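Residue strings, one per chain:
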Amino acid sequence: MPPRRNGKPKLPIPLPEGKVLDDTEGKQWVLGKMIGSGGFGLIYLAFPPNKPDKDARYVIKVEYQENGPLFSELKFYQRAAKKDCIKKWIELKQLDYLGIPVFYGSGLTEFKGRSYRFMVMERLGIDLQKISDQNGPFKKETVLQLGIRMLDILEYIHENEYVHGDIKAANLLLGYENPDRVSTVYLADYGLSYRYCPNGNHKQYQENPRKGHNGTIEFTSLDAHKGVALSRRSDVEILGYCMLQWLCGKLPWEQYLQDPVAVQNAKRNLLDELPESVLKWAPSGSSLCEIAQFLMCVHSLAYNEKPNYQKLKKLLNPNGIPLGPLDFSTKGLSINATNQIDSKRAAAKQAIQMQNKLIEKVRSERSAKSFATPRKMEEEHQLSGSMHKDTAAQESTRRRQKHPESSELFNGVKNFPQKYNYMEFQNSFCDPYQNFASQGVIKKSRSPSCYTYTNTVTDLESSKGLWPTVSQFTLSEETKEDVFYYGITILLLLMLVCLALYLL
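Residues numbered from 1 in each chain as written. Predicted model: local features only at pLDDT ≥ 70, side-chain atom pairs only at ≥ 80, totals over all residues. Heavy atoms only, no water.

Draft legend 1. Just the nonpolar core, in detail. Ile 100, Leu 128 and Trp 246 are the most contacted members of the largest nonpolar core, which totals 78 residues. Summarising the domain contributions, this core has at least three residues from each of domain 1 (19–122) and domain 2 (125–316). Apart from residues lying up to four places away in sequence, Leu 128 is in contact with Phe 138, Leu 146, Ala 169, Leu 172, Leu 174, Val 185 and Phe 328. With 14 residues, the next largest nonpolar core counts Leu 21, Ile 60, Tyr 64 and Val 120 among its residues. (Core = buried A, V, L, I, M, F, W, Y, C linked by side-chain atoms within 4.5 Å. Buried < 20%, exposed > 50% of the residue type's maximum accessible area, 1.4 Å probe, protein only. Domains from an automatic or database assignment. Contact = heavy atoms within 4.5 Å.)

Rendered as structure tokens:
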């Protein structure tokens, strides 16, 4: 029976080292030293009584029994993450491993008149947030590989009726063994996991402002901001934000984290203005084409729609390069690296050209779509105004109108070069336009001022290819729609006047 949640969970009083805990299957576990704590529980090293090993291979998570997160996590492992089920899935999907921690047991214990719930798990290594804090943003190859590994995990838990709901670097841990060869990464902490499809019946789309903005504010999905129950698309959307942050080092809304509504609006703008809204954040010398494709595909999903996991993995690895060890090292520029710099400038130039082609294709697709439906913006505004009457089908239609099928828009990206060292350009994150602003990719920005590029006539005149550049400063889509609409209206009026004069 789930515990009653009276306010926020409280951190428990620490249990004494050496205390013996009995799980529900009669196994005994000895508490070692405490190695960490979260917002609601404590984490201890643990070992069986007959193996008092200092290098413990197990950990025990402890919280007060009346708290809820550990109960939710425990139910996830008992229902969806049994060891034999994971083994069968690995064989079925022909994976080398699946990054879900192994669950060993659980139970209740007493200390100083309070009841504690505990759960025994395999011991894992360092989390990716600590690595990022030490080394800065990750390399692009590492980010894309992490995305593929997470998709493997998400597909498994989604097929078992659960969503994770809190994907972030702090919840991604490396394997404890073989630290020199980083080949395994695990998605941990299922305290916010949610059973989105109990007994095969998907939850209905229903917005609830009282439950809005749950989760980690930087990464949580638009559905969570609206108080909608999490679904599969929430997890893959969160993963997209994570990959953007891992590669760039920041997110466009990080200075608004104290205002959840501002964060929600910034995320909506980012998704509605894809791919330009993502491509412009690329660090100098890199490209975010794969992540832009990923987010466009995710944003087109219906609330109860199953993501195409294989397609998403293909977007992140278009050349089908075999996955290898994860590389979290940092490599600075050497003094005698002129040739290396030249090659990276050439790669950056190619990335810019690819981005421009991509943007032009998307613009042409949107332009054609806007001429077919000149008052689409008004219809979308009316749709967004009916918050409590919005159904899953209507909400899905809006997303699909915003973004056509992403595979049709990105056919030219498959030949984009994959192997560059992007870490060397991480310091230029706050100047995202410096390499391709002169290529005509400037767009009205709703992002923090730190990332805004100010263009002048002098800059344009001094750049090469002035008129090709100026020609790309076109009217906005909304202005085009208005011009078209009023132009047709005026033309019809003129025809009526001419007809009236002719009849007279």
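Draft legend 2. Fine view of the pattern of salt bridges. On inspection of all chains with the given rule, the structure shows 12 salt bridges. For Glu 155, the salt bridge goes to Lys 93, with nearest N and O atoms at 3.3 Å. Here Glu 155, found in helix α4 (residues 140–159), pairs with Lys 93, found in helix α2 (residues 83–93); they are 62 residues apart in sequence, far enough to count as distant. According to the relative accessible area criterion, Glu 155 is buried, its value standing at 8%. We note a salt bridge from Asp 166 to Lys 168, for which the minimum N-O separation is 3.8 Å. (Salt bridge = Lys/Arg side-chain N within 4 Å of Asp/Glu carboxyl O. Helix = DSSP H or I, 4+ residues; strand = E, 2+ residues; numbered from the N terminus.)

Draft legend 3. The arrangement of the pairing of strand β5 (residues 103–111) in detail. Bridge analysis of β5 against strand β6 (residues 114–122) gives eight bridges, and the strand direction is antiparallel. For Ser 106, the partnering residue across the bridge sits in β6 and is Met 119. Hairpin geometry of β5 and β6 is characterised by an intervening segment of two residues between the two adjacent antiparallel strands and by a positive phi of about 50 degrees at Lys 112. (Pairing = 2+ DSSP bridges.)

Draft legend 4. Broad picture of a nonpolar patch on the surface. A cluster of nonpolar side chains, Tyr 485, Tyr 486, Ile 490 and Leu 494, forms an exposed patch at the surface whose accessible area comes to about 420 Å². Summarising the element assignment, Leu 494 is placed in helix α17 (residues 477–503). (Patch = residues over 30% accessible without salt bridge, like charges linked within 9 Å, V, L, I, M, F, W, Y side chains within 5 Å. Areas by Shrake-Rupley, 256 points an atom, 1.4 Å probe, with all protein chains shown as cover.)

Draft legend 5. Molecular detail of the UniProt feature "binding site: ATP" (unreviewed entry) in the protein. UniProt's entry tags Lys 61 with the feature "binding site: ATP" (unreviewed entry), counted in the numbering of this structure. As for its position among the elements, Lys 61 is in strand β4 (residues 58–64). With sequence-adjacent residues up to four places away left out, Lys 61 is seen in contact with Leu 42, Ile 43, Leu 70, Glu 73, Arg 117, Phe 118, Met 119 and Asp 189. One polar contact links Lys 61 to Glu 73, side chain to side chain, over a distance of 2.8 Å. (UniProt positions renumbered as here; feature names shortened; annotations may be inferred. Polar contact = N/O pair within 3.5 Å; in protein donor to acceptor, adjacent residues only side chain to side chain.)

Draft legend 6. How the structure looks around the sheet that holds β4. Taken in spatial order, the six strands line up as β1-β2-β3-β4-β6-β5 in an open sheet, and their pairing is antiparallel. This sheet does not close on itself; its edge strands, each paired only once, are β1 (20–22) and β5. Averaged over all pairs of adjacent strands, the angle between their axes in this sheet comes to 40 degrees, without regard to strand direction. The pairing of strand β2 (residues 28–37) with strand β3 (residues 42–47) spans five bridges and is antiparallel. Residue pairing across strands places Gly 36 opposite Ile 43, the latter belonging to β3. (Axes fitted to C-alpha atoms, helices over the stretch in contact; angles between N-to-C directions.)

Draft legend 7. Seen up close, the sheet that holds strand β10 (residues 185–187). Ordered in space as β7-β9-β10, the three strands form an open sheet in which the pairing is antiparallel. Across the chains shown, the open sheet's two edge strands, defined by having one partner strand only, are β7 (124–127) and β10. The mean angle between the axes of side-by-side strands here comes to 45 degrees, regardless of whether they run parallel or antiparallel. Pairing between β7 and strand β9 (residues 172–175): two bridges, direction antiparallel. When the sheet's bridge partners are listed, Leu 124 is paired in β9 with Gly 175.

Draft legend 8. The arrangement of the confidence of the model for the protein in detail. Looking at the protein as a whole, the pLDDT averages 77, with 66% of positions reaching at least 70. Contacts for the low-pLDDT stretch residues 331–344, under 50 throughout, to residues beyond four places or in other chains number nine contacts. Below a pLDDT of 50 lies the segment residues 370–389, which in the model reaches 20 contacts outside its immediate sequence neighbourhood of four places, other chains included. (pLDDT = per-residue confidence, 0-100.)

Draft legend 9. Looking closely at helix α6 (residues 232–248). When the terminal C-alpha atoms of α6 are compared, their 25 Å separation across 17 residues agrees well with the 24 Å that a helix rising 1.5 Å per residue should span. With 17 of 17 residues buried, α6 is to be regarded as a mostly interior element. Note on α6: the residue one or two positions beyond its end, Gly 249, has a positive phi of about 95 degrees. (Expected span 1.5 Å × (residues − 1).)

Draft legend 10. Looking closely at the environment of Lys 267. Turning to its location among the elements, Lys 267 is positioned in helix α7 (residues 260–272). Through-space distance from the C-alpha of Lys 267 to that of Ser 221 is 8.4 Å; in sequence the pair is 46 residues apart. Contacts of Lys 267, omitting those with residues within four sequence positions, involve Ile 217, Glu 218, Phe 219, Thr 220, Leu 222, His 225, Tyr 241 and Trp 253. In this structure the side chain of Lys 267 is engaged in a polar contact, spanning 2.9 Å, whose partner is the backbone oxygen of Ile 217. Polar side-chain contacts of Lys 267 include one of 3.1 Å to the side chain of His 225.

Draft legend 11. Geometry of the pairing of β2. Relative to β2, β1 runs antiparallel, the two being bridged by three bridges. Within the sheet, the bridge partner assigned to Asp 22 lies in β2 and is Gln 28. Taking the residues between adjacent antiparallel strands as the criterion, β1 and β2 are bridged by five residues, where Gly 26 takes a positive phi near 85 degrees.

Draft legend 12. Here's a closer look at the packing of aromatic side chains. A complete count under the given rule lists 14 aromatic pairs for this structure. With 5.6 Å between their ring centres and 75 degrees between their planes, Tyr 77 and Tyr 190 make a pair best called edge-to-face. Placement of the pair is Tyr 77 in helix α1 (residues 69–80) and Tyr 190 in the loop between β10 and β11 (194–195), with a sequence separation of 113 residues. The pair Tyr 77 / Tyr 190 is uniform in exposure class, with both members buried. The rings of Phe 76, Tyr 77, Phe 103, Tyr 162 and Tyr 190 are connected pair by pair, giving a single aromatic cluster. Positioned over the ring face of Tyr 64 is Arg 114, at 3.8 Å from the centre of the ring. (Phe/Tyr/Trp six-rings, centres within 6.5 Å; stacked < 30°, edge-to-face > 60°. Lys NZ or Arg CZ within 6 Å of the ring centre and 35° of its normal.)

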